[in-house]
Amino acid sequence: MANFRSKFPNLCLMMKAEMTQVINGNILRTPGEYLRFENGQYSTQVKKEIDFIRNHSEFGQTIFEDEEEKRVKTAARGAGAAEDGSGGGSDGGSGD
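Here goes a summary of the coordinates provided.

About the thresholds
Residues numbered from 1 in each chain as written. Predicted model: local features only at pLDDT ≥ 70, side-chain atom pairs only at ≥ 80, totals over all residues. Heavy atoms only, no water. Pairing = 2+ DSSP bridges. Helix = DSSP H or I, 4+ residues; strand = E, 2+ residues; numbered from the N terminus. Axes fitted to C-alpha atoms, helices over the stretch in contact; angles between N-to-C directions. Contact = heavy atoms within 4.5 Å. Phe/Tyr/Trp six-rings, centres within 6.5 Å; stacked < 30°, edge-to-face > 60°. Buried < 20%, exposed > 50% of the residue type's maximum accessible area, 1.4 Å probe, protein only. Arc of directions from axis to C-beta. Core = buried A, V, L, I, M, F, W, Y, C linked by side-chain atoms within 4.5 Å.

A few words now on the sheet that holds strand E7 (residues 63-65). Read from one edge to the other, the open sheet built from three strands follows the order E6-E1-E7, with strand pairing classed as antiparallel. Because the sheet does not close on itself, it has two edges, and the strands there are strand E6 (41-44) and E7. Between one strand axis and the next, the sheet turns by 25° as a mean value, whatever way the strands run. For strand E1 (residues 2-6) and E6, the ladder comprises four bridges, and the chain directions are antiparallel. Pairing of asparagine 3 across the sheet is with serine 43, part of E6. Of the strands in this sheet, E1, E6 and E7 are in contact with helix H1 (residues 47-54), which crosses E1 at around 40°.

The subject of this paragraph is the packing of aromatic side chains. Under the definition given, this model contains two aromatic pairs. With 6.3 Å between their ring centres and 75° between their planes, phenylalanine 4 and phenylalanine 59 make a pair best called edge-to-face. Of this pair, phenylalanine 4 sits in strand E1 while phenylalanine 59 sits in the loop between H1 and E7, and the two are 55 residues apart along the sequence. Phenylalanine 4 sits in the buried class, given a relative accessible area of 0%. Among the residues examined, phenylalanine 59 registers a relative accessible area of 26% and is labelled partly exposed.

It is worth spelling out H1 at this point. Within the sequence span of H1, burial applies to Glu49, Ile50 and Ile53. Seen end-on, H1 carries its buried residues on one side only, within an arc spanning 100°. Relative to its buried face, H1 has exposed residues pointing more than 90 degrees away, namely Lys47 and Lys48.

One broad rule of soluble globular proteins: the nonpolar side chains tend to lie buried together. Within the largest apolar cluster, eleven residues are counted, these being Ala2, Phe4, Leu11, Leu13, Met15, Leu35, Phe37, Tyr42, Ile50, Ile53 and Ile63. Once you skip the residues sitting within four places of it in the chain, phenylalanine 4 turns out to touch Phe37, Gly40, Gln41, Tyr42, Thr44, Ile50, Ile53, Arg54, Phe59, Phe64 and Glu65.

Pasting the structure below:
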């Protein structure tokens, strides 16, 4: 899960604009797709939404990803690499 925060409590990002088309004289409306922050927070597991926010022009300026979540994932990956048994110690010999 990815957790994001915004400087703006009720930020709304438009992923896809609402469309109105006239087909054979009939009006067809396709609703848009929006991401709404509540109290400056937005959490999601949907990869499409995560990628959209991370690639948004405001990411890093007014939208930030929760660093604690990223640290936990990084630490878990690092712990897996540390368990490979490569100690790298010295034998302390003089080389005679």
